[in-house]
Amino acid sequence: VARQPIQDTLTLPAVGRREVRAACDPSRPLIPEEQAQLHEDLSIVQGADRIAQVENRIRDAWAESYVSELVTGHAGCGKSTELLRLASELRKPKEGRAYHVVYVDAYDYLNPFEVRLPQLVVSLMAALSVEPRVDLQRTRSGPRLWGQVRLILKAAGREIGGDLTKEIPVLKSLLRVDLHLVRKFREQSDDHIQQILSLIRDLVLEVRTQLPPDQSEIVFVIDNLEKIPDGETETKVSLHETLFLRELPLLDVPAHVVLTYPISLNYSPVALRQVFHNARQTTIPMVGIRQKPGAEARGDDAAGIAALRRLLARRVKLDKVFADDAAVAAVIRESGGCVRDLLRLVGEMPTVGAIPFSTATVEAVIADYVNEYERILQGKPYLPLLHTIERTGAFPVDTDQSWKQQLLLGLVVLEYDTGTWYDVHPLAKRTRAYRAASPES
Amino acid sequence: MEAVDLGAENDERMARLREALALGEGFQLVIVQVEPGEQREEVLRRLQGWAGRSGVPWLELVCLAPGESPVMRLEGEHAGVILVGLEADGVDKAERTRTMATELNWSRDRLPERVHGPLVLVVSQRVQSELFEQAPDFYSWRMHSTSIVPQPRALGRLPPWFEPEPEDPAVLEAMIAETSALEPPAIRELGRLYARLARARALRGEDAEAEAALDAAYDAYVRAGTLDDRVDLLLLRSDLAARTGRKEDASAWLEQARQKVRSGLPGPDVSAKLLFHEAMHALDRGDFRSAAAALPPAIEAVTTLGDLHKEATLLIGGAALAFHLHAMQEEKLLLERAVELLHDAGQLALEAAALTLCARAAALAGRSDEAEQYGLDAVARAEASGSANTVAEARARLGRIALANGHLELADEVLRGEVAAVGTHPGGELAEARAHLALCRRDDADAERHLRAALEAYRREGSPWEVAKISLEIAELGRRTQNWTLALTGFEAADRLGDTGQRAVAALGLAELSLARGEVTAAIADQLAVASQMAVAADAATLADRSRWLRGAVLLALGRDAEGRMELEIALAGFETRGQAERAAEVRDLLAQLGERSSPRSSDSSAAVHEARSKRTP
């Protein structure tokens with residue numbers, strides 16, 4: 001992500017209205033240069049430092065053993081920030097060992113409406129081709145894999161040149177934008193998939209020989225795969241299940257793979273970690289700001305609120321920007337522990353009130369967001385279910401999967417401490433639609 | 001372009017939006033939810049007006065063409081963008097919108113590279129829900145979001161006054177204050193009073209107060225109400241949402257009422273009310289198939305309850321349905337039955353209203369004497385009821401019928417005199433009828449005065465179709481009296497607010513005004529092409545022929561003979577098919593002249609345009 005670090009453009013923690021808004025921009029994942037100043041370690045209130053665990057598992061992998069790390073989380077939980085941090089940490093030499101991280105942003109290589117294994121293999125090849133110190137032409141398997149790809153393309157009705165260095169960028173663009181070609185390519189790949197998989201395996205192995213000895217292990221970080229929309233494949237089964245449960249596990253390369261996946265697959269009957277080799281699933285949860293179900297009186301989770309207060313204090317000068325602690329606590333509570341929502345709410349406060357912001361400013365700023373939830377929730381069949389979740393902290397076993405998916409993806413229900421318990425977003429709880437569906441009403 | 005009043009609440013939201021845009025740095029995603037139509041046009045006008053001023057970054061309006069990808073359209077670099085068109089058109093619009101939402105979600109991280117300032121998405125509620133559900137990553141990036149709420153407007157299904165006169169909120173508030181002081185507390189009664197207050201406030205267009213009263217009623221029912229009370233309140237919410245044009249909300253509340261009924265054992269009263277609302281909701285949405293299925297059980301249910309008013313309302317709804325199905329006899333019978341019921345119930349104002357509908361039905365069926373008789377009965381009952389709105393509506397209807405029958409004296413008699421309903425929908429109808437009477441008398445100044453009064457009433461009420469209709473009448477009056485400003489503003493307003501047919505008339509009118517000023521340009525030819533396309537879409541064949549005829553002449557004047565000839569030939573075929581021999585002859589003349597000339601000469605062509613125009617103008 002190439003942009004100027006935020007601390008180079010404004011003084012942090014921010015004090016003025018415009019600065020507060022800029023410092024709390026919810027659409028900026030932290031880049032490595034910003035980590036030191038803005039990253040707050042929330043691991044203590046998220047169950048554990050899950051990204052450090054991913055790093056440790058990679059570093060601890062023995063000899064020829066490679067790990068598959070499957071990462072997911074809600075929109076706004078900080079996936080991209082965490083993956084960028086992971087990449088940055090893995091590149092650092094620790095105990096004499098650093099890793100060659102190949103960051104594959106799915107957006108750069110894939111068309112969201114047709115993502116399947118053959119395209120992913122080509123993506124890995126394309127990503128390797130632009131890595132420094134790597135020259136695919138100097139490998140044996142690179143030109144062979146390219147030859148195979150050309151053959152498939154020809155069958156799909158597209159001729160492409162033999163110079164892979166020159167032609168890979170062309171193919172990369174085509175596979176992103178030409179949906180018709182992508183589909184044909186996938187269809188024509190069916191008979192060649194074993195060869196392609198074998199060749200990409202050989203290629204990765206050969207590429208490793210071109211890297212410095214203390215950095216010869218490769219880690220593919222494949223980001224944004226969780227954004228692939230679900231749909232039906234040509235055989236009328238779920239695309240997500242086909243891709244993540246059947247095809248991607250076939251990708252067996254001599255490298256560690258970290259990839260993101262749709263959170264809805266956490267609730268699939270087949271567990272991802274069972275189908276991938278040496279795999280672990282990691283879900284980045286929200287920060288708990290309310291006590292778990294089972295507590296006598298479910299008040300604030302003091303540790304969660306304190307952690308988010310520290311996070312906020314890195315960006316805005318709390319004692320100048322807020323009238324009192326109550327206002328800070330109020331805005332944190334309304335965020336539901338979703339960092340992006342917290343930043344958005346604080347970033348919006350300058351548009352409704354003057355500094356210092358009071359609890360009244362918090363009430364004013366959330367009004368529009370409550371209305372937004374209101375419009376979206378009204379008439380929804382799952383409204384009574386929300387009360388069960390609020391009360392028990394769990395989805396009943398017979399919950400409709402599509403409802404579950406909608407609720408989690410839309411941040412109506414939030415997940416805490418990696419699936420231990422759930423709660424309804426505080427802003428959703430404020431809607432009339434929610435209140436009207438209460439069993440007591 | 002005239003400014004549209006968004007209302008105080010929306011103005012406040014717009015002010016916040018402006019502030020958010022001005023405070024932002026670099027890329028920021030902003031979502032503005034406003035339904036397509038007059039309000040959206042106004043929002044876009046304001047956004048464009050702010051662009052590059054008072055700290056708001058430059059904003060470029062990007063309207064997606066049907067089938068166009070938003071991500072592809074944003075290729076390149078933009079300072080700031082207002083993006084519209086995510087609603088998509090056509091039968092697969094839901095699928096298209098879903099695809100666009102997916103694209104935005106997928107490409108989210110690259111958007112800041114393309115848009116360096118605000119990316120303002122102006123979307124409908126449907127699209128906003130799609131983004132929320134299908135594009136959560138993209139949606140979660142929003143830095144600011146706001147919603148422009150519809151302004152109070154008339155009932156779609158029935159005139160707003162076809163119900164008992166609204167209660168006085170002040171009286172209800174006094175009752176609430178007294179009831180609140182009772183010991184032991186009468187919580188359930190308070191809930192009922194708040195529900196009545198909500199209705200009274202909503203009927204006066206005081207939406208925020210109505211909402212507060214609904215919330216208070218809800219709280220009271222949670223404490224002491226029954227299932228029936230809660231369902232009743234949900235039905236009231238649905239009804240009030242329908243009155244303000246929020247059909248999606250109306251459906252949603254109705255669905256909640258259904259769920260609530262299913263979850264318990266409601267009384268027969270509430271079940272009947274639910275059936276009633278379901279039938280009326282189907283009529284409201286123009287879902288005639290569902291309405292036809294829902295009406296009989298609903299009528300049976302309310303008849304069992306002995307609720308004459310609701311039964312009459314359903315019968316009138318059934319009459320409207322029969323009208324749409326061209327079952328005129330059935331319409332008549334249903335309306336007459338409704339009149340009887342309302343008479344038995346002793347509801348004079350409603351009886352008058354139903355008689356007015358009978359008069360309209362008779363007039364539309366060509367039974368003019370019967371229409372006048374119903375109209376006279378309606379006026380008599382309305383006067384006796386003392387309801388200003390009912391009097392205005394009954395008089396307006398009878399006045400129109402008398403005018404159509406050529407009975408100017410009767411029209412004059414019923415339309416004369418002061419009526420207290422100024423500024424309401426019936427007041428608008430009365431002013432409109434008075435304007436027509438003035439036009440019959442060739443009193444242009446009086447006609448303009450009444451048309452403006454009608455325009456004001458409809459505008460205040462928020463009825464864009466009626467506003468467009470009156471605007472077109474004003475424009476025609478302006479053209480006839482050579483008041484070009486009046487004509488221009490009238491056509492422009494209709495072009496902005498009207499349905500496809502009205503916009504076709506307005507586009508043709510605007511093109512003709514330009515021609516009358518001596519402007520013969522390619523832009524006018526394009527405008528006439530749009531007019532003819534819209535006329536075709538609105539099934540207005542004659543209007544389409546006229547547009548093609550004039551466009552053909554303009555193209556000849558521009559030296560684009562081949563295109564001009566084609567347009568004229570299509571127009572000629574249309575005139576011949578529809579038996580418009582005189583016009584067909586004029587087109588043939590033009591085509592003959594075209595055949596004679598060896599090379600295009602703009603002066604001749606201009607004359608042809610002029611000739612065509614002068615002959616065409618009535």
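Just above sits the structure.
Presented here is a report on the structure given in the accompanying data block.

Rules of the game
- Residues numbered from 1 in each chain as written.
- Chains lettered and ligands numbered in written order.
- Predicted model: local features only at pLDDT ≥ 70, side-chain atom pairs only at ≥ 80, totals over all residues.
- Heavy atoms only, no water.
- Helix = DSSP H or I, 4+ residues; strand = E, 2+ residues; numbered from the N terminus.
- Buried < 20%, exposed > 50% of the residue type's maximum accessible area, 1.4 Å probe, protein only.
- Areas by Shrake-Rupley, 256 points an atom, 1.4 Å probe, with all protein chains shown as cover.
- 1 Å grid on protein atoms, 1.4 Å probe; cavity = no way out; pocket = protein on both sides within 12 Å on 5 of 7 lines; lining within 4 Å.
- Points joined across faces, edges and corners; volume = space filled by probe spheres on them.
- Contact = heavy atoms within 4.5 Å.
- Pairing = 2+ DSSP bridges.
- Axes fitted to C-alpha atoms, helices over the stretch in contact; angles between N-to-C directions.
- Expected span 1.5 Å × (residues − 1).

## Concerning the overall build of chain B
Helix and strand content of chain B: 30 helices and five strands. The burial tally for chain B puts 53% of its 618 residues in the buried class. For chain B, the exposed surface amounts to about 26000 Å²; the carbon and sulfur share of it is 51%.

## Some points on the overall build of chain A
Tallying secondary structure elements over chain A gives 21 helices and seven strands in all. The buried share of chain A, taken over its 441 residues, is 60%.

## Quick word on empty space enclosed by the protein
Residue and element names in this part refer to chain A. All told, the structure shown has seven cavities of 30 Å³ or more when counted by the stated rule. For the largest cavity, the calculated volume is near 520 Å³. Lining the largest cavity we find 40 residues, and of these Cys77, Gly78, Lys79, Thr81 and Val339 sit closest to its centre. Elements represented by at least two residues in the lining of the largest cavity include exactly α3 (50-60), α4 (79-91) and α16 (339-352). Of all the elements, α4 adds the most residues to the lining of the largest cavity, at five residues.

## A word on the environment of alanine 394 of chain B
Residues and elements named next belong to chain B. Structurally, alanine 394 can be placed in helix α19 (residues 388-404). Spatially, the C-alpha atom of alanine 394 lies 5.7 Å from that of threonine 356, the residues being 38 residues apart in sequence. With residues near it in sequence (within four places) discarded, alanine 394 still touches Thr356, Ala378, Val379 and Ala382.

## Looking at the sheet that holds strand β1 (residues 68-73) of chain A
All names here are of chain A. Here we have five strands laid out as an open sheet, ordered β2-β3-β4-β1-β5, and parallel in their pairing. Lying at the two open borders of the sheet, with one neighbouring strand each, are β2 (100-105) and β5 (279-284). On average, each strand axis in the sheet is tilted by 15° relative to the strand beside it, whichever way the strands run. Strand direction decides the pairing type here: β1 and strand β4 (residues 256-260), joined by four bridges, are parallel. In the sheet register, serine 68 faces β4, and the bridge partner there is valine 257. Contacting β1, β3 (218-223), β4 and β5, α3 crosses the sheet at an angle of about 160° to β5.

## Here we look at α19 of chain B
Residues and elements named next belong to chain B. Under the 1.5 Å per step criterion, the end-to-end length of α19 is 24 Å for 17 residues, consistent within 8% with the ideal 24 Å. Burial within α19 is extensive, with 13 of its 17 residues counted as buried. One or two positions beyond α19, positive phi appears at glycine 406, with a value near 80°.

## Here's the deal with the sheet that holds strand β2 (residues 60-63) of chain B
Residues and elements named next belong to chain B. An order of β2-β3-β4-β1-β5 is seen for the five strands of this open sheet, with the pairing classed as parallel. Both edges of this open sheet fall to β2 and β5 (142-147), since each of them pairs with a single strand only. For this sheet, the mean angle separating the axes of adjacent strands, direction not counted, is 20°. The strands that helix α6 (residues 125-134) touches are β1 (28-33) and β4 (118-123); relative to β4, the one it contacts most, it runs at about 120°.

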